[in-house]
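Given next are the chains, with one letter for each unit.
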Amino acid sequence: AALVLQLSVSVADCPGTSSAQAGRAAACQGCPNQRLCAGGAAAPDPAEAAELRERLRSVKHTVLVLSGKGGVGKSTFSALLAHGLAADEAKQVALLDIDICGPSIPKMMGLEGEQVHQSGSGWSPVYVEENLGVMSVGFLLSSPDDAVIWRGPKKNGLIKQFLRDVDWGEIDYLIVDTPPGTSDEHLSIVQYLSAAHIDGAVIITTPQEVSLQDVRKEINFCHKVKLPIIGVVENMSGFICPKCKNESQIFPPTTGGAEKMCQNLNVSLLGKVPLDPQIGKSCDKGQSFLSEAPESPATTSYRNIIQRIQEYCDQHHFREEKII
């Protein structure tokens, strides 16, 4: 019981890897990473940071898509956010899939079976359109059914390689699709991108409490690593019957759903997206749901959310310019 109590206190009070108290706070006692954090090994290497900064200096906006819970529609949202932003042909959009063990972005973007090519300036992304490039570990596998059975350091190394060695070119928006949780991949992407800048994170949830529980952890993670939160999206928020137009709650929000959680935690609710069977069909076919079902209430919700994210990024960029 004492061990369980110590562990729960340590996790709750962790100062974060970027804190001056990392490895030295009382909550760090007994943590297996205490020596690593105290020695500064968890902090970005200056030479490495300079290299990443140089590679990413042509990226104007970076948005992370996060969720503590799997299966809530995070990759679907990442794909549709990329499609929605790329609808403006004047914008260059990149979608980076760092879900190393479950790379679903190639399938959703209609790029399954494609391979990455090496050029003199690095890896070339795989393009859906001229202004929409994609990179994923899925392009490095010989078969979509291959399992990636890697420990943390190897996964972190590939994430760094994606950021350092991919020739993204001039990019208006870099969208990063992450795996569920608050672990290796999340710490690595925040650490590596801190060499450049991150506009913020969009956090995906579904209405039921079992999902919100994990999403609260994700919000706490963002606060710990000083990652701005753009807002929360509630997926699968009711189902509107295409025939009778009545709405049913497939996943009842027993504790108030994302709206109540956002009020309690003082974060923005970007919007609610209702269920639509066409979303899954479009993903399986590698097509954009936004163009396949333009009249769907879900499409309207997605477009409103994407507009709010664009407005946030524009304001964030304006504030940075004023500070500079």
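In this text, all values refer to a predicted model and were calculated from it rather than measured experimentally.

What counts, and at which threshold
Residues numbered from 1 in each chain as written. Predicted model: local features only at pLDDT ≥ 70, side-chain atom pairs only at ≥ 80, totals over all residues. Heavy atoms only, no water. pLDDT = per-residue confidence, 0-100. Contact = heavy atoms within 4.5 Å. Buried < 20%, exposed > 50% of the residue type's maximum accessible area, 1.4 Å probe, protein only. Helix = DSSP H or I, 4+ residues; strand = E, 2+ residues; numbered from the N terminus. Arc of directions from axis to C-beta. Pairing = 2+ DSSP bridges. Axes fitted to C-alpha atoms, helices over the stretch in contact; angles between N-to-C directions. Patch = residues over 30% accessible without salt bridge, like charges linked within 9 Å, V, L, I, M, F, W, Y side chains within 5 Å. Areas by Shrake-Rupley, 256 points an atom, 1.4 Å probe, with all protein chains shown as cover. Salt bridge = Lys/Arg side-chain N within 4 Å of Asp/Glu carboxyl O. Lys, Arg positive; Asp, Glu negative; His and termini not counted. Charge placed at Lys NZ, Arg CZ, Asp CG, Glu CD. Right-handed = clockwise from strand over helix to strand, strands pointing away. Left-handed = near helix turned anticlockwise from the far one by under 90°. Core = buried A, V, L, I, M, F, W, Y, C linked by side-chain atoms within 4.5 Å. Phe/Tyr/Trp six-rings, centres within 6.5 Å; stacked < 30°, edge-to-face > 60°.

Colleague: How should the confidence of the model for the chain be read in this particular structure?
Modeller: When pLDDT drops low, the exact placement of atoms in the prediction is not to be read closely. Per-residue confidence for the chain averages 87 on the pLDDT scale, and 87% of its residues sit at or above 70. Note on residues 1-10: pLDDT is under 50 here. Beyond four places in sequence and across chains, it has five contacts.

Colleague: Whenever I open this one, helix H9 (residues 257-265) confuses me. Can you help?
Modeller: Along an α-helix, residues three or four positions apart point the same way, because every turn accommodates 3.6 residues. Taken together, the buried positions of H9 are Gly257, Ala258, Met261 and Cys262. Burial along H9 is one-sided: seen end-on, the buried residues are contained in an arc of 145°. H9 presents Gln263 and Asn264 as exposed residues on the side facing more than 90 degrees away from its buried surface. Those residues of H9 that are buried lie in contact with strand S8 (200-205), helix H8 (209-224), strand S9 (229-234) and strand S12 (269-272).

Colleague: Would you mind going over the sheet that holds strand S7 (residues 171-177) with me for this structure?
Modeller: Strands in a sheet are paired, the pairing made by backbone hydrogen bonds, and the direction either parallel or antiparallel. The strand order across the open sheet formed by eight strands is S5-S6-S2-S7-S1-S8-S9-S12, and the pairing between neighbours is mixed. Strands at the two margins of the open sheet, each flanked by one partner only, are strand S5 (126-129) and S12. Geometrically, the sheet is characterised by an average inter-axis angle of 20° between neighbouring strands, direction not taken into account. As paired strands, S8 and S9 are joined by five bridges and run parallel to one another. Paired with Ile203 across the bridge in S9 is Val232. Here helix H4 (residues 74-86) sits on the sheet in contact with strand S1 (59-66), strand S2 (93-97), S5, strand S6 (132-136), S7, S8 and S9, set at roughly 170° to S7. H9 rests against S8, S9 and S12 of the sheet, and its axis sits at about 155° to S9.

Colleague: Whenever I open this one, a negative patch on the surface confuses me. Can you help?
Modeller: Taken together, Asp88, Glu89, Glu129 and Glu130 make up a surface patch of like negative charges. Relative to the helices and strands, Glu129 resides in strand S5. Overall, the relative accessible area of 49% leaves Glu129 in the partly exposed class.

Colleague: Where do I start with unusual backbone geometry in this structure?
Modeller: Negative phi is the rule for most residues except glycine; trans is the rule for most peptide bonds. At Met236, a position not held by glycine, the phi torsion is positive, near 55°. Following the sequence through the fold, Met236 ends up in the loop between S9 and strand S10 (239-240).

Colleague: Looking at this model, I keep getting lost on the pairing of S8. Mind explaining?
Modeller: As a general feature of sheets, a regular strand has side chains that alternate between the two faces. For S8, the tally of buried residues reaches six of six residues, placing the bulk of the element in the interior. Here S1 runs beside S8; their pairing, made up of four bridges, is parallel. Bridge pairing links Leu64 to Ala201 in S8. Handedness of the β-α-β unit built from S8, H8 and S9 comes out right-handed.

Colleague: What is the right way to read the packing of helix H6 (residues 152-165) against helix H7 (residues 184-193) from this model?
Modeller: Relative placement of two packed helices is described by the angle separating their axes and the distance separating the axes. With their axes 10 Å apart at the nearest point, H6 and H7 run at an angle of 35° to one another. The handedness of the crossing between H6 and H7 is right-handed. Between H6, through Gly152, Lys155, Asn156, Ile159, Lys160 and Leu163, and H7, the contact on the second element is made entirely by Asp184, Glu185, Ser188, Ile189, Tyr192 and Leu193.

Colleague: Looking at this structure, how should I read the nonpolar core?
Modeller: Nonpolar side chains tend toward joint burial in soluble globular proteins. In terms of nonpolar packing, the biggest core is built from 85 residues, with Leu64, Phe77 and Ile309 touching the most fellow members. Those residues within four positions of Leu64 in sequence are excluded, and the remaining contacts are Val176, Ile189, Val190, Leu193, Ile198, Gly200, Ala201, Val202 and Leu227.

Colleague: Hey, could you run me through the packing of aromatic side chains in this one?
Modeller: Any aromatic ring pair is given by two values, namely how distant the centres are and how the planes are angled relative to each other. Taken as a whole and assessed by the stated rule, the structure comprises three aromatic pairs. Taking the centre distance of 6.2 Å and the plane angle of 35° together, the rings of Phe77 and Tyr302 count as tilted. Here Phe77 is found in helix H4, whereas its partner Tyr302 is found in helix H12 (residues 297-323), with 225 residues between them in sequence. Under the relative-accessibility criterion, Phe77 is labelled buried at 0%. When the ring of Phe289 is compared with that of Tyr302, the centres are 6.3 Å apart and the planes differ by 75°; the resulting orientation is edge-to-face. In this pair, Phe289 is assigned in helix H11 (residues 289-292) and Tyr302 in helix H12, connecting sequence segments 13 residues apart. Residue classification places Phe289 among the buried residues on the basis of a relative accessible area of 1%. Using a relative accessible area of 2% as the deciding quantity, one classes Tyr302 as buried. Through pairs of rings, three or more aromatic residues link up here, namely Phe77, Phe289 and Tyr302.

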